[in-house]
Amino acid sequence: MNSSGIKRIGVLTSGGDAPGMNAAIRAVVRACAFHNVEVEGIFQGYAGLIAGDFKRLNERSVARILGRGGTILKSSRCKEFFTSEGRATAIEQMKKHHIDALITIGGNGTFTGAHILSQESGIPVMGIPGSIDNDLYGTDHCIGFDTATNTVVDAVDKIRDTATSHNRIFFVEVMGRNSGFIALKAGIAAGAIAIVLPEDEMTSEELMQILRASEESGKSSSIVIVAEGAKGGTAYELANKVAAENPDYDTRVSVLGHLQRGGAPSCYDRVISSRMGVAAVEGLLQGRKDVMIGIVNDRETYTSLEEAITRANLPNRDELRIARILAI
Ligand code: F6P
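1. What to know about the site of the ligand
As a matter of local geometry, the ligand sits amid R77, I132, D133, M175, G176, R177, E228, H258 and R261. Contact distances for the ligand include 2.8 Å between an oxygen atom and a side-chain N or O atom of D133. A distance of 2.7 Å separates an oxygen atom of the ligand from a polar atom in the side chain of H258. With the chains in place, 78% of the 400 Å² that the ligand exposes on its own is no longer accessible. Taken together, the residues that form the shell around the ligand break down as two nonpolar, two polar and five charged.

2. Considerations on the nonpolar core
Within soluble globular proteins, side chains that are nonpolar generally end up buried alongside one another. Counting 62 residues, the largest nonpolar core has I9, I103, I128 and V172 as the members making the most contacts within it. Structurally, this core is a two-domain feature, drawing no fewer than three residues from each of domain 1 (8-144 + 265-310) and domain 2 (145-261). Dropping the residues within four chain positions of it, V172 is found in contact with V156, I159, I223, V224, I225, V226, S254 and L256. One finds L49, F54, L117 and I123 within the second-largest nonpolar core, a separate group that totals 24 residues.

3. With respect to the sheet that holds strand β9 (residues 251-255)
Here four strands make up an open sheet; going across it, the order is β7-β8-β6-β9 and the pairing parallel. Here the strands that pair on one side only, and so sit at the sheet edges, are β7 (194-196) and β9. Averaged over neighbouring strand pairs, the angle between their axes works out to 20 degrees when direction is ignored. Bridging between strand β6 (residues 169-174) and strand β8 (residues 222-227) involves six bridges; their strand directions are parallel. Pairing of F170 across the sheet is with I223, part of β8. Packed onto the sheet, helix α6 (residues 181-189) meets β6, β7 and β8 and runs at close to 175 degrees relative to β7.

4. A look at a nonpolar patch on the surface
Among the surface-exposed residues, I322, I325 and L326 lie close enough to one another that they form a single nonpolar patch of about 280 Å² accessible area. On the secondary structure map, L326 appears in helix α11 (residues 317-326). What makes L326 exposed here is its relative accessible area of 62%.

5. Structural notes on the domain arrangement of the chain
In terms of domains, the chain is made up of domain 1 (8-144 + 265-310) and domain 2 (145-261). Between domain 1 and domain 2 the total buried area reaches about 1,200 Å² when both faces are included, carbon and sulfur atoms providing 50% of it. Together, I132, D133 and N134 form the three largest contributors to the area buried by domain 1 at its contact with domain 2, with a combined 42%. Applying the counting rule to domain 1 against domain 2 returns one salt bridge. Across the pair D17 and R261 runs a salt bridge whose closest N-O atoms are separated by 2.8 Å. For the interface between domain 1 and domain 2, the tally reads 10 residue pairs in polar contact (both at pLDDT 80 or more). Grouping the amino acids of the side of domain 1 that touches domain 2 by side-chain chemistry returns seven nonpolar, six polar and five charged.

About the thresholds
- Residue indices begin from 1 for each chain and proceed along its sequence in written order.
- Per-residue local features are limited, in this predicted model, to residues with pLDDT of at least 70; the limit for side-chain atom pairs, both in listing and counting, is 80 or more; totals at the level of whole chains, interfaces and linings are taken over all residues.
- Hydrogens and water molecules were not included; the side-chain quantities draw on all heavy atoms of the structure.
- Near, as used in this document, describes a residue that has one of its heavy atoms within 4 Å of the molecule or strand being considered.
- Definition of a polar contact: a pair of N or O atoms within 3.5 Å, with one able to donate and the other able to accept a hydrogen when the atoms are protein atoms, and with sequence-neighbouring residues admitted only if both atoms are side-chain atoms.
- The method behind every accessible area is Shrake-Rupley, applied with a 1.4 Å probe, and residues are considered shielded solely by the protein chains displayed.
- Ten residues, namely Ala, Val, Leu, Ile, Met, Phe, Trp, Tyr, Cys and Pro, are considered nonpolar, four, namely Asp, Glu, Lys and Arg, are considered charged, and the remaining ones, Gly among them, are considered polar.
- For the purposes of this section, nonpolar cores are sets of buried Ala, Val, Leu, Ile, Met, Phe, Trp, Tyr and Cys residues that join through side-chain atoms within 4.5 Å.
- Only protein chains enter the accessibility calculation, which uses a 1.4 Å probe; a residue whose area is less than 20% of its type maximum is buried, one above 50% is exposed, and one in between is partly exposed.
- Bear in mind that the domain bounds are from an automatic or database domain assignment.
- Contacts were defined at the residue level, with two residues in contact if any of their heavy atoms lie within 4.5 Å.
- Think of it this way: DSSP has to see at least two bridges between two strands before they count as a pair.
- Numbering of helices and strands runs from the N terminus, with a helix taken as a DSSP run of H or I at least four residues long and a strand as a DSSP run of E at least two residues long.
- Helix axes are fitted only over the stretch in contact, all axes being lines through C-alpha atoms; the angle between N-to-C directions runs from 0 to 180 degrees.
- Two distance rules govern patches: like charges are joined within 9 Å, and nonpolar side chains (Val, Leu, Ile, Met, Phe, Trp, Tyr) within 5 Å, applied only to residues with over 30% relative accessible area and no salt bridge.
- Counted as salt bridges are all cases of a side-chain nitrogen of Lys or Arg within 4 Å of a carboxyl oxygen of Asp or Glu.
- Buried surface area refers to the total accessible area, computed with a probe of radius 1.4 Å, that the two partners give up upon joining, counted for both partners together.

Laid out in structure tokens, this is it:
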């Protein structure tokens, strides 16, 4: 199996953490142990790669982390890694510690760094998509997205109880600086009257029309889901515009924030993390490099890091249409 000559693999998590990252670390470490490859755990993402913050991991080091949120390797957004000096130090550290290949678990920023590192050093690099934003091309789902979406649905169900009691319109802001995946899926699952996405052009005027129509049809309370990067404005801005336009509406805003990034990973996230972790190791041992492992149509698939970061993964517009039909 291991004709690649790889004897030691480094693994790190970088960027925004996501539930299921620990399950992916566990899968990487155990797949390496299975294939007689050593693993160097790299702490604090690329910052730790530059600083040489490493610790040897074995199959027992990753016991009881499968169901834990966060990342035992910790994470960071490291500006220094985006300088050639920073990367040169990281490459020196990898050579000094005999790390033959690197697995990076993260999102778009992580893979941008990984791709440059791979190009500059020739060291085989493999990405595992971990991001609640779900915005990477080359996989149906990123690790953490399913859990985060379920967290949002649970929160919105609770908000709906109080919205109904008080006949209020709630504007719930969810994460997604550039991506509307969480907003769209959670919006459908929680029965939102309107979903405002970064990928869509909904204006406050259109939103007003939707709210007026729903009032006329007898609705006394509503939930509007707003992705944080929505073009039409933030949840606070939209709520203020709507309240200014119609002072009779009793509006409230709830920004869910970082609670969406925490918590125990769902069954789905644990399974895809486990599958991608094993396939990441086996892909490297088969000689793959500068690629991201993903799962497309239930099959492990490798996509070049360049494609993963430059091509967009967009929310399904038909789901937006369905959400609008069902919000009648
Ligand atoms: O994990 C992705 C993401 O949640 C974005 O949707 C959000 O804008 C960003 O991370 C915020 O992360 P941080 O507060 O860690 O910079």
